[in-house]
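Here are the chains, one letter per residue:
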Amino acid sequence: MILPNFMQKTRTAYVFKALTASVLVAFQCLTVVAPTAHAAGLPTLGDGASSLTTGEERRLGDSIAKELYRDPDYLDDPVLQEYVEGIWLHLQDAARKNGELSQELEERFAWTLVLGKDRQVNAFALPGGYMGVYLGLISVVSSGDELASVIAHETSHITQRHIARMLAQQGKQTPLMLASMLLGALAATRSPDAAMAIMMGGPAAMMQSQLNFSRAMESEADRMGYSLMAPAGFAPQGFVSMFGKLQQASRLNDNGSWPYLRSHPLTTQRIADMDSRVPPGKRAVDPVPTLEHVMMAARARVISNAGVDVRRQWAALPRSGSFAGLSQPEQVGQLYAATLSAMYLRDWALAREMVQRLLTATAGNAQASIQAKWLNAELEFRADNAQAALAALPLQSSNAPQAAPKVNARGNIEGPSLATINVVEQAAARRPELLLRADILLKLGQAASVASPLQTWVTDHPRDGGAWQMLARVWRSQGQEMRALRAEAEAQVAHYDYAAAVDRFKAAQDLTRKAGAKVDYFEASIVDTRLRAVQELLREQLADKSINK
């Protein structure tokens, strides 16, 4: 489990940039003076109980997630978000079927993914069901199976409540006090000033000697994470090949780009254990990357690397003489990176050349084809050609909605639905296209048609702050200012900024008073009700003195 690089506490002197250790750094530094779980009579690893309730753990995670959303390194890229979330959802389903994900955890935990745009090879899990992934990790893994192995490992830390078990060793501390100390300890990993402040606190002075999960917890996360792979539709040898990458990086004396190694140090025992679980005939067979994965890895590389010279090199690669000798996945990855790089460089002619080649290269693969069409639409939108962008989107069905096709974790359509269901027609129900289509229609002054799909989406996904913000823009373009203010408030609620949400709700109330007889009483009632609810959440948040200093 890894500390998020994009945590920044703006209301205190703590600086949270470039954090690289395990989130358990902070928790363990709080327990160095505590007796062992066995000595204190607390549950041992594998027991189902913990002195920290699931509700307390969730609140602890919420308080930390609030800081993640406020950091400039937080990234809401709908395309990458959907891809990684898709992997995680398959693993959650496998955990549920394996009996590892209880109904209580499923209902009480957030199960929220956060992306960080830093290039470091890292991932993390937080209390209460939060998980984050850096673009650096997505960009270096060779397949979705390798990425799934990391996410499966972190998922097992969550389902086995390893954080709660370690916190149980400090029963005298409340979860909210622990959250405050956690945030301070995180700052100390890179900020000398914050480190000095934390060292004054006593137990945290031993933080550097308490960097990792216990070996037992790491082994358990490996074992249980591995058991999720095949049921989730991923090649289990992804675990072994990922371990191979980590082992090679450790041999090269990790230069800082692999912080995952510092909180997940490899041991020969861990490597041997994973290797022994793969059937002998498959140990030497690396998982085959899907075209969709190489495209997402390319997207992560380009977004996380802002260097102009590097992007120029990537944009020119498909024109090199060596391109023809590459495998299809390698060609598709280079074409995607070249298109996106040219877009950032605003070289529209080169970008259009590359995306047309990409569309041709992915024409026979349903999922990759959709990604290519989304990229083409994104290109035309950025080039200020909204009409072409709209035409570039996958076609929507003019018939009644159909059941979504069953697509496995490797991106292949399963069952007889292949002959009868057009995957492209279903793309509009997916978040990346929904938000991109809304952006395009807003530029064309035709956003009215997308208001209803967005309302449906936020009803089903009330904590999607990005979708709420888009809905606010759509409503404002229709002259529905009160609704726009409410949507802006809900976007702040989704990111736990209750003070900003209250401000937006009150602005909507003021607008109601000015509207007089023209007021929408139904909308005004919703605003009043939500304002009271969020004011109560704000009072509870402000009462957490250890967090709000």
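Residues numbered from 1 in each chain as written. Predicted model: local features only at pLDDT ≥ 70, side-chain atom pairs only at ≥ 80, totals over all residues. Heavy atoms only, no water.

The criterion, for reference: UniProt positions are given in the numbering used here, feature names are shortened, and annotations may be inferred rather than shown by experiment.
With an unreviewed UniProt entry as reference, the chain is termed Peptidase M48, source organism Comamonas testosteroni. Of the chain, the UniProt comment under Cofactor (unreviewed entry) reads exactly: "Zn(2+)".

1. So, the packing of helix H21 (residues 431–444) against helix H22 (residues 448–460)
The line we're drawing: Comment: axis = line fitted to C-alpha atoms, over the contacting stretch for helices; angle = value between 0 and 180 degrees taken between N-to-C directions. Only DSSP runs of H or I covering at least 4 residues are called helices, and only runs of E covering at least 2 are called strands; the numbering of each starts at the N terminus. Put simply, a crossing is left-handed when the front helix is turned counterclockwise from the back one by less than a right angle, and right-handed when it is turned clockwise. Throughout, a residue-residue contact means that at least one pair of heavy atoms, one from each residue, lies within 4.5 Å. Gly is put with the polar residues, along with every residue not named as nonpolar or charged; the nonpolar set is Ala, Val, Leu, Ile, Met, Phe, Trp, Tyr, Cys and Pro, and the charged set is Asp, Glu, Lys and Arg.
Packing of H21 against H22 leaves a shortest axis separation of 10 Å and a crossing angle of 150°. Here H21 runs over H22; the crossing is left-handed. Along its contact with H21, which presents Arg 431, Leu 434, Leu 435, Ala 438 and Leu 441, the element H22 presents Ser 449, Val 450, Pro 453, Leu 454 and Trp 457. In the contact of H21 with H22, the residues fall into eight nonpolar, one polar and one charged.

2. Considerations on the packing of aromatic side chains
Applied cut-off: Geometry of aromatic contacts follows a simple scheme: Phe, Tyr and Trp rings, the Trp one being its six-membered ring, pair when their centres are within 6.5 Å, and the pair is stacked under 30 degrees between planes, edge-to-face over 60, tilted otherwise. Relative accessibility decides the category of a residue: with a 1.4 Å probe and only protein chains considered, values under 20% of the type maximum give buried, values over 50% give exposed, and everything between is partly exposed. Each ring is checked for a lysine NZ or an arginine CZ that lies within 6 Å of its centre and within 35 degrees of its normal; such an atom marks a charge sitting over the ring.
The tally for this structure, following the rule as stated, stands at eight aromatic pairs. Aromatic side chains Phe 109 and Trp 111 sit 6.2 Å apart centroid to centroid with 45° between the ring planes, which places their arrangement in the tilted category. Relative accessible area serves as the criterion here: at 14%, Trp 111 is assigned to the buried category. Following the ring pairs from residue to residue traces out a cluster consisting of Tyr 69, Tyr 74, Tyr 496 and Tyr 498. The positively charged end of Arg 311 is found above the aromatic ring belonging to Tyr 344, 4.1 Å away from the centroid. Here Arg 382 stacks its cationic end above the ring of Tyr 344, 4.9 Å away from the centre of that ring.

3. Describing the pairing of strand S4 (residues 130–134)
One face of the sheet, then the other: side chains in a regular strand alternate in exactly this way. Put simply, the test is: In this description, strands pair whenever DSSP reports at least two bridges between them.
S4 sits mainly inside the fold: five of its five residues count as buried. Neither face of S4 is left uncovered, since the one carrying Tyr 130, Gly 132 and Tyr 134 and the one carrying Met 131 and Val 133 both have all their residues buried. The pairing of strand S2 (residues 112–116) with S4 spans five bridges and is parallel. The residue of S4 that forms the bridge with Leu 113 is Met 131. In this structure, strand S3 (residues 123–126) lies alongside S4, joined through four bridges in antiparallel fashion. Bridging across to S4, Phe 124 finds its partner in Gly 132. Adjacent in sequence and paired antiparallel, S3 and S4 are bridged by three residues, among which Gly 128 carries a positive phi angle near 80°.

4. What about helix H16 (residues 328–344)?
What counts, and what does not: One less than the number of residues in a helix, times 1.5 Å, gives the span that helix is expected to have.
Between its first and last C-alpha atoms H16 spans 24 Å; for 17 residues at 1.5 Å apiece the expected length is 24 Å, and the two agree. Taking burial as the measure, the 17 residues of H16 include 12 buried ones, the bulk of the element. Of all the residues in H16, the buried ones are Gln 331, Val 332, Gly 333, Leu 335, Tyr 336, Ala 337, Ala 338, Thr 339, Leu 340, Ser 341, Ala 342 and Met 343. Immediately downstream of H16, the backbone of Arg 346 shows phi near 60°, a positive value.

5. So, the packing of H16 against helix H17 (residues 348–361)
Note the following rule: To sort the angles, those under 35 degrees are grouped as roughly parallel, those over 145 as roughly antiparallel, those from 65 to 115 as roughly perpendicular, and the leftovers as oblique.
As a packed pair, H16 and H17 sit with axes 8 Å apart at the nearest point and diverge in direction by 155°. Regarding the angle of H16 to H17, the classification is roughly antiparallel. Both H16 and H17 take part in a crossing whose hand is left-handed. Residues Gln 328, Val 332, Leu 335, Tyr 336, Ala 338, Thr 339, Ala 342 and Met 343 of H16 form the contact with H17, whose own contacting residues are Trp 348, Leu 350, Ala 351, Met 354, Val 355, Arg 357, Leu 358 and Ala 361. The residue inventory of the contact of H16 with H17, partitioned by class, reads 13 nonpolar, two polar and one charged.

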